Amino acid sequence: MVRTLGVAVVGFGWMGRVHTQAYARVPHHFPDLALRPEPVAVADEVPGRAEEAAARYGFATAVRDWREIAADPRVEAVSIAAPNFLHREIGVAMAEAGKHIWIEKPVGLTAGDARAVADAVARAGVRGTVGFNYRNAPAVVAARELIASGDIGDVTHARVRLLSDYAAHPEGALTWRYERERGGSGVLGDLASHGVDLARFLLGEIDALAADTAVFLPLRARPAGATAGHARATGGEPAPVENEDYVNCLLRFASGARGVLEACRVSVGEQNNYGFEIHGTRGAVFWDFRRMGELRVSRGTTYQDQPVSTVYVGPGAGDYAAFQPGAANSMGYDDLKVVEAHTFLRSVADNTPYGATLVDAVRSATALDAMARSAESGGWVTLGAE
């Protein structure tokens, strides 16, 4: 028997829209799911934005204060797509109100914030899914299975990269993303959080790390009004960028493997250059988000001059079959959020965790905090068990 689940979205910038569209698409791609999301309420503090979202996507109620959603008995599950500095307050409040949460990473500004939300979810007995969407790519799932099978031998070393130019323009507005108090650790929370999750998803826990960070564009102009995305602000009062544009991090995994994680938001010439290269004693596997359905794989017993083959994943890899009938048909970013919406709703329906959870958010945030400490001290930092 299929039942409806009243859902709400808090924060209706680009990510709030992506969540909303994912909810709408879930029944088409996963028709056997026992829940059907029903858009009940949307909240955004920018005047008119929630009303526009309600008119376009069918939310029954539009409000400016997210607290009204916490108090709304019609709402059973909430997407939290507000700025990072609000994640802890909203996440804890929604969990305490008995609502399941789908929350965007990095779940606050620190590991303490992520832990507070995780603890609230556990106390309330609700479900929590986190927006680590890149692990949902079918090729990434296939790579994880290939590594676990031993096809490339024991993993020796890996590189995870997340390079982009979304903040490269010197006229980019000084939004909350660039302030320590509201945006946290900059590119660490924005992109390196995904890198840590990919590294853990593929290779297991990280034991220790050493990091270096930098700010390459130290001044930006304050915007005159509300902004969305990565808007420009010409002529505004210049002010300092308070958090990181770049991080480079050495990783030591519990397995004994070594790794490098690099993330940058001001890489001119790079648009969403996200991916990994993982090497083992008998082979290697490579993935590039921009060619999301492909894996480059080397395996065998040649070792030297061993060839690399391109594999197009298809049905049987992750949730690929829910979107395309055969290999080499493209999937896109928004499809990964549909997969994520499905794991969230399935977690609620089965009262069982699926996909990335608040535990993953805490472990990612712990690594990010360790990167910041390492960059400040110049030394290695050991990660404690959570």
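Just so it is clear, the structure is predicted and the values come from calculations on it, not from any experiment.

Rules and cut-offs
Residues numbered from 1 in each chain as written. Predicted model: local features only at pLDDT ≥ 70, side-chain atom pairs only at ≥ 80, totals over all residues. Heavy atoms only, no water. Helix = DSSP H or I, 4+ residues; strand = E, 2+ residues; numbered from the N terminus. Phe/Tyr/Trp six-rings, centres within 6.5 Å; stacked < 30°, edge-to-face > 60°. Buried < 20%, exposed > 50% of the residue type's maximum accessible area, 1.4 Å probe, protein only. Pairing = 2+ DSSP bridges. Right-handed = clockwise from strand over helix to strand, strands pointing away.

Here we look at unusual backbone geometry
The residue after Lys105, namely Pro106, is reached through a cis peptide bond having omega 10 degrees. Note that Pro106 resides in the loop between strand S5 (100-103) and helix H5 (111-124). In this structure, Val107 takes a positive phi of about 60 degrees despite not being glycine. As for its placement among the helices and strands, Val107 is situated in the loop between S5 and H5.

Some points on the packing of aromatic side chains
Counted under the stated rule, the structure contains 13 aromatic pairs. Between Phe12 and Phe59, the aromatic rings sit 6.4 Å apart at their centres with planes inclined by 85 degrees, giving edge-to-face as the arrangement. Taken together, the residues Phe12 in the loop between strand S1 (3-10) and helix H1 (14-29) and Phe59 in the loop between helix H2 (49-57) and strand S3 (61-63) connect sequence positions 47 residues apart. Taking relative accessible area as the criterion, Phe12 reaches 10% and is therefore assigned buried. The exposure class assigned to Phe59 is buried, which follows from its relative accessible area of 6%. Taking the centre distance of 5.2 Å and the plane angle of 85 degrees together, the rings of Tyr134 and Phe289 count as edge-to-face.

Re the pairing of S5
Neither face of S5 is exposed, since His100 and Trp102 on one face and Ile101 and Ile103 on the opposite face are all buried. As judged from the 4 bridges shared by strand S4 (residues 77-80) and S5, these two strands associate in the parallel manner. Bridging from a neighbouring strand, Ala77 pairs with His100 of S5. Of the crossover connections in this fold, the one passing from S4 over helix H4 (residues 87-96) to the parallel S5 is right-handed. In this sheet, strand S6 (residues 128-130) lies alongside S5 in parallel orientation, the contact comprising 3 bridges. From the neighbouring strand, Ile101 faces S6, where its bridge partner is Gly128. Crossover handedness for the path S5 to H5 to S6: right-handed.

Keep in mind that these numbers describe shape and distance, not what the molecule does.
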